[in-house]
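A closer look at the structure
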Amino acid sequence: MKGDRVEIVVDAGDTTRTYEVVASRAGRRVETAVRRGVVEVSEVTRSGSVVRTARFMATRVLALVEQPVPREDSSERPRAGDLGFGGTP
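Below, the structure is looked at part by part. (Residues numbered from 1 in each chain as written. Predicted model: local features only at pLDDT ≥ 70, side-chain atom pairs only at ≥ 80, totals over all residues. Heavy atoms only, no water.)

On to the environment of Ala-33. Here Ala-33 is to be found in strand β3 (residues 29–35). Residues Ala-33 and Arg-55 lie 22 residues apart in sequence; the distance between their C-alpha atoms is 9.7 Å. Residues in contact with Ala-33, not counting those within four places in the same chain, are Val-38, Val-39 and Glu-40. (Helix = DSSP H or I, 4+ residues; strand = E, 2+ residues; numbered from the N terminus. Contact = heavy atoms within 4.5 Å.)

This paragraph deals with the pattern of salt bridges. Scanning the entire structure with this criterion turns up 8 salt bridges. The residue Arg-55 makes a salt bridge to Glu-40 at a minimum N-O spacing of 3.0 Å. Of this pair, Arg-55 sits in strand β5 (residues 50–57) while Glu-40 is found in strand β4 (residues 38–44), placing the two residues 15 residues apart along the sequence. The structure contains a network of salt bridges with shared partners spanning Arg-5, Glu-7 and Glu-20. (Salt bridge = Lys/Arg side-chain N within 4 Å of Asp/Glu carboxyl O.)

Non-glycine residue Arg-36 carries a positive phi angle of around 50°. Within the element layout of this structure, Arg-36 appears in the loop between β3 and β4. A relative accessible area of 87% means that Arg-36 is categorised as exposed. (Buried < 20%, exposed > 50% of the residue type's maximum accessible area, 1.4 Å probe, protein only.)

Written as structure tokens, this is what we have:
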């Protein structure tokens, strides 16, 4: 969802570097995967096409922070009776 972010903190020798991958458009999401010693963070479209990918050696990654956009909770959504549909008058 637009606004989803993943921050990656990487050991760069004598210092650390922070990288950020953000879902930049509506309908896009950010996915993370750890495969064969490599951390991949990708921005993906609704259809599953990868827009861009950031790859880091897993041994160098200090932190991986996923920050999803707050989504509307299903318990907060109005029920059918609240909208005037169904139920008794």
